[in-house]
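Here's the letter readout for the chains.
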Amino acid sequence: EDQVTQSPEALRLQEGESSSLNCSYTVSGLRGLFWYRQDPGKGPEFLFTLYSAGEEKEKERLKATLTKKESFLHITAPKPEDSATYLCAVRGGGADGLTFGKGTHLIIQP
Amino acid sequence: DTGVSQNPRHKITKRGQNVTFRCDPISEHNRLYWYRQTLGQGPEFLTYFQNEAQLEKSRLLSDRFSAERPKGSFSTLEIQRTEQGDSAMYLCASMWLEGTREAFFGQGTRLTVV
């Protein structure tokens, strides 16, 4: 059974204070690791897909990286508008649906 | 096209009533997924369709849950005889199988069973 564990559960940063969110996973036959952002009361918003160890993707202040066991979402010089829950998910070799972690609730204080 | 659309956005129902939610995917997407999300948890996969064919049913939470996609376009998720434990956000996502395989989500339907 595919499993995803995200840490920390919650993170409070000052504006401009860079940090990283962790996503550890176990999956049989990784067919993609996905990062989403979710604002309260809304659906997840797609950020990145990573397919193989060593792959990296960037978008504005966010950078996602992938190893064989975990992924990191690095946030550089965050702004208050980056406050959200960040979800990590994997697509494994079984059913086509995504297996999600519980998310990291990120708060950026001005 | 403005993305995945879900209706209604909110639904309050009495225990024991049946409810139906609708999802309109991005028009060229041939795969459609349903998820459930409870407070403090990530979305939980329920079922999915490729065009009109339902390819996975075993993750549906009980036999009170059913889904259809009759013409390969919009989909409905029905919950019969609702229970308080069914209170959650129900999310729909769609994807183009032959593309980058990125699933895009709707805004969800928030169900409250009283």
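Here is what the cut-offs are and how they apply
- Residues numbered from 1 in each chain as written.
- Chains lettered and ligands numbered in written order.
- Predicted model: local features only at pLDDT ≥ 70, side-chain atom pairs only at ≥ 80, totals over all residues.
- Heavy atoms only, no water.
- Salt bridge = Lys/Arg side-chain N within 4 Å of Asp/Glu carboxyl O.
- Helix = DSSP H or I, 4+ residues; strand = E, 2+ residues; numbered from the N terminus.
- Buried < 20%, exposed > 50% of the residue type's maximum accessible area, 1.4 Å probe, protein only.
- Pairing = 2+ DSSP bridges.
- Axes fitted to C-alpha atoms, helices over the stretch in contact; angles between N-to-C directions.

1. Observations concerning the pattern of salt bridges
All names here are of chain A. In the structure shown here, the tally under the stated rule is 11 salt bridges over all chains. A salt bridge links arginine 31 to aspartate 96, with the nearest nitrogen and oxygen atoms 3.5 Å apart. Taken together, the residues span a long stretch of sequence, with arginine 31 in the loop between strand 3 (19-26) and strand 4 (33-38) and aspartate 96 in the loop between strand 9 (84-90) and strand 10 (99-100) at a distance of 65 residues. For aspartate 96, a relative accessible area of 3% gives the class buried. For the salt bridge of aspartate 96 with arginine 91, the shortest nitrogen-to-oxygen distance reads 3.8 Å. There is no split in this pair, since aspartate 96 and arginine 91 are both buried.

2. Regarding the environment of Thr2(B)
Residue and element names in this part refer to chain B. Along the chain, threonine 2 turns up in the segment before strand 1 (5-7). Here threonine 2 falls in the exposed class, since its relative accessible area comes to 85%. Linking threonine 2 and serine 27, residues 25 residues apart in sequence, is a C-alpha distance of 9.5 Å.

3. A word on the sheet that holds strand 7 (residues 65-68) of chain B
Residue and element names in this part refer to chain B. Spatially, 4 strands are ordered 1-3-8-7 in an open sheet, and the strand pairing comes out antiparallel. The strands lining the two open edges of the sheet, one partner per strand, are strand 1 and strand 7. Going across the sheet, the axis of each strand differs from the next one's by a mean of 15°, ignoring polarity. Note: strand 3 (residues 19-24) against strand 8 (residues 75-79), 5 bridges, orientation antiparallel. In the strand pairing of strand 8, valine 19 is matched with isoleucine 79.

In short, the description is geometric, and any link to function would need to be established separately.
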